[in-house]
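What the coordinates show
Spelled out, the chains give:
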Amino acid sequence: MSSPSTSSTPVTPFSTVIRTASHEAHTEAETSTFMSDLLGGKLGVEAYTRYTEQLWFVYRALEDGAEALRDDPVAGPFIQPELMRTAELERDLAHLHGGAEDWRADLQPLPATRAYAGRVAECARSWPGGFVAHHYTRYLGDLSGGQIIRDKAERTWGFARKGDGVRFYVFEGIGNPAAFKRGYRELLDGVPVDELEKMRIVDECKRAFALNTAVFRALGDEFPLSA
Ligand code: HEM
């Protein structure tokens, strides 16, 4: 029989730690004025387009950065082809720009987006644990709340169901998102780093949420509701 000291408190799985730690930041992002106005049907498709453009800059940083991390013991297992979003974003953006081939021509990220994408690229270059934090914040969110956003976008701006304009939210290669998310959480639980590094990853995850919130704030300034 084990003594009280060895019968120990159960260790909280890392996937639960990271989820719990980012809960407050999630609520802040989810209820930001821009998101609420956008999903409340109060903004035009230009606002949705501008938001999708910002995502394109962020996912390029994530997915360009992923290439070099494929064989990394910490970040490598998270990099899975069925998650990749850049091609879907490009298809959505071509559609949102009226089918124009040259939609990239004058596209500039907002300063907040530049900062977000820059931080993602920096983690991809020099800190695999930090990259995992950004990977989790984006892809697990897209697989979860992203589906709510897709549904609202289809209804508000009349995109074909799961068609051009909302392909970003459609993961063709993931038949069972709930099972995929379970597998993803198992990867998080088994991430081969020590406790201190796990704490740093949690902090980076909070930073990732804050970077998202800053983008929403900037978009909110660009698309204020006419009173
Ligand atoms: C209006 C916008 C949003 C809505 C409606 C929304 C909604 C949701 C919902 C319903 C879940 C599932 C929670 C569960 O499994 O119990 C979720 C999870 C998640 N969301 Fe969001 N979300 C939004 C915005 C965001 C943003 C901006 C981010 C960060 C970029 C984000 C990141 C996440 C993450 C990482 C998870 C997974 C949590 C986990 O299970 O570990 N979400 N979201």
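None of the values given here were measured: they were computed from a predicted structure.

Reading the values: the criteria
Residues numbered from 1 in each chain as written. Predicted model: local features only at pLDDT ≥ 70, side-chain atom pairs only at ≥ 80, totals over all residues. Heavy atoms only, no water. Helix = DSSP H or I, 4+ residues; strand = E, 2+ residues; numbered from the N terminus. Rg over C-alpha atoms; globule rule 2.2 N^0.38 Å. Buried < 20%, exposed > 50% of the residue type's maximum accessible area, 1.4 Å probe, protein only. Areas by Shrake-Rupley, 256 points an atom, 1.4 Å probe, with all protein chains shown as cover. Lys, Arg positive; Asp, Glu negative; His and termini not counted. Charge placed at Lys NZ, Arg CZ, Asp CG, Glu CD. Near = heavy atom within 4 Å. Polar contact = N/O pair within 3.5 Å; in protein donor to acceptor, adjacent residues only side chain to side chain. Nonpolar A, V, L, I, M, F, W, Y, C, P; charged D, E, K, R; others polar. Contact = heavy atoms within 4.5 Å. Donors = N, O, S within 2.8 Å, 3.2 Å for Na, K, Ca; no water. Expected span 1.5 Å × (residues − 1). Phe/Tyr/Trp six-rings, centres within 6.5 Å; stacked < 30°, edge-to-face > 60°. Lys NZ or Arg CZ within 6 Å of the ring centre and 35° of its normal. Axes fitted to C-alpha atoms, helices over the stretch in contact; angles between N-to-C directions. Parallel < 35°, antiparallel > 145°, perpendicular 65-115°, else oblique. Left-handed = near helix turned anticlockwise from the far one by under 90°.

1. Focus on the overall build of the protein
A count of helices and strands for the protein gives 10 helices and 0 strands. Listed by position from the N terminus, the elements making up the protein come as α-α-α-α-α-α-α-α-α-α. Relative to the compact-globule value of 17 Å for 227 residues, the protein shows a C-alpha radius of gyration of 19 Å, a close match. Each principal axis of the C-alpha distribution contributes one length, and for the protein these read about 70 × 40 × 35 Å. For the protein, the residues scored as buried account for 48% of the 227 residues in total. Approximately 11600 Å² of the protein is accessible, and the part contributed by carbon and sulfur atoms is 53%. The distance from the centre of the 26 positive side-chain charges to the centre of the 33 negative ones in the protein is 3 Å.

2. Quick look at the site of the ligand
Neighbouring the ligand are 18 residues, the closest being Arg 19, His 26, Tyr 136, Gly 141 and Arg 185. In this structure, Tyr 136 approaches the ligand through a side-chain N or O atom, which is 2.5 Å from an oxygen atom. Those elements that place two or more of their residues in the shell around the ligand are helix H2 (23-30), helix H3 (33-39), helix H7 (128-143) and helix H10 (195-222). Taken together, the residues of the shell around the ligand sort by class into 8 nonpolar, 6 polar and 4 charged.

3. Side note on unusual backbone geometry
Of note, the phi angle at Lys 162 is positive, near 60°, even though the residue is not glycine. Counting through the fold element by element, Lys 162 comes out in the loop between helix H8 (146-157) and helix H9 (177-189).

4. Points about the environment of Leu 107
Checked against the element boundaries, Leu 107 lands in the loop between helix H5 (86-96) and helix H6 (111-126). On a C-alpha basis, the gap between Leu 107 and Pro 177 in space is 32 Å, while along the polypeptide they are 70 residues apart. When neighbours within four sequence positions are excluded, Leu 107 is seen to be in contact with Glu 53, Trp 56 and Phe 57.

5. Structural notes on the coordination of the iron atom of the ligand
When only protein atoms are considered, the iron atom of the ligand has one donor, His 26 (NE2), at a distance of 2.1 Å. Turning to its location among the elements, His 26 is positioned in helix H2.

6. Points about H7
Look at H7: 22 Å from first C-alpha to last across 16 residues, which is about the 22 Å you get at 1.5 Å a residue. The element H7 is largely enclosed, with a buried count of 14 among its 16 residues.

7. Digging into the packing of aromatic side chains
Taken as a whole, this structure holds 12 aromatic pairs when the rule is applied. Geometrically, the ring pair formed by Tyr 48 and Phe 159 is tilted, given 5.4 Å between the ring centres and 40° between the ring planes. Taken together, the positions of Tyr 48 in helix H4 (residues 45-67) and Phe 159 in the loop between H8 and H9 put the pair 111 residues apart, joining distant regions of the chain. The pair Tyr 48 / Phe 159 is uniform in exposure class, with both members buried. Through successive ring pairs, a cluster of aromatic residues spans Tyr 59, Tyr 139, Phe 168 and Tyr 169. The residue whose ring lies beneath Arg 60 is Trp 56, and the NZ or CZ to ring-centre distance is 4.1 Å. In this arrangement the basic side chain of Arg 200 is found over the ring face of Trp 127, its NZ or CZ atom lying 4.5 Å from the centre.

8. Thoughts on the packing of H4 against H5
Viewed as axis vectors pointing N to C, H4 and H5 meet at an angle of 155°, and their least axial separation amounts to 9 Å. Between H4 and H5, the angle is such that the two are roughly antiparallel. Seen along the crossing, H4 lies across H5 with a hand that is left-handed. Across the interface between the two elements, Val 45, Tyr 48, Thr 49, Thr 52, Glu 53, Leu 55, Trp 56, Tyr 59, Arg 60 and Glu 63 from H4 touch Thr 86, Leu 89, Glu 90, Leu 93 and Leu 96 from H5. Of the residues in the contact of H4 with H5, the class split is 8 nonpolar, 3 polar and 4 charged.

9. Some remarks on the packing of H4 against H6
The contact between H4 and H6 brings their axes to 8 Å, and the two run at 5°. Between H4 and H6, the crossing angle belongs to the class labelled roughly parallel. Seen from H4, the contacting residues are Gln 54, Phe 57, Val 58, Ala 61, Leu 62 and Gly 65; seen from H6, they are Thr 113, Tyr 116, Ala 117, Val 120, Ala 121 and Ala 124. Its residues assigned to classes, the contact of H4 with H6 shows 9 nonpolar, 3 polar and no charged.

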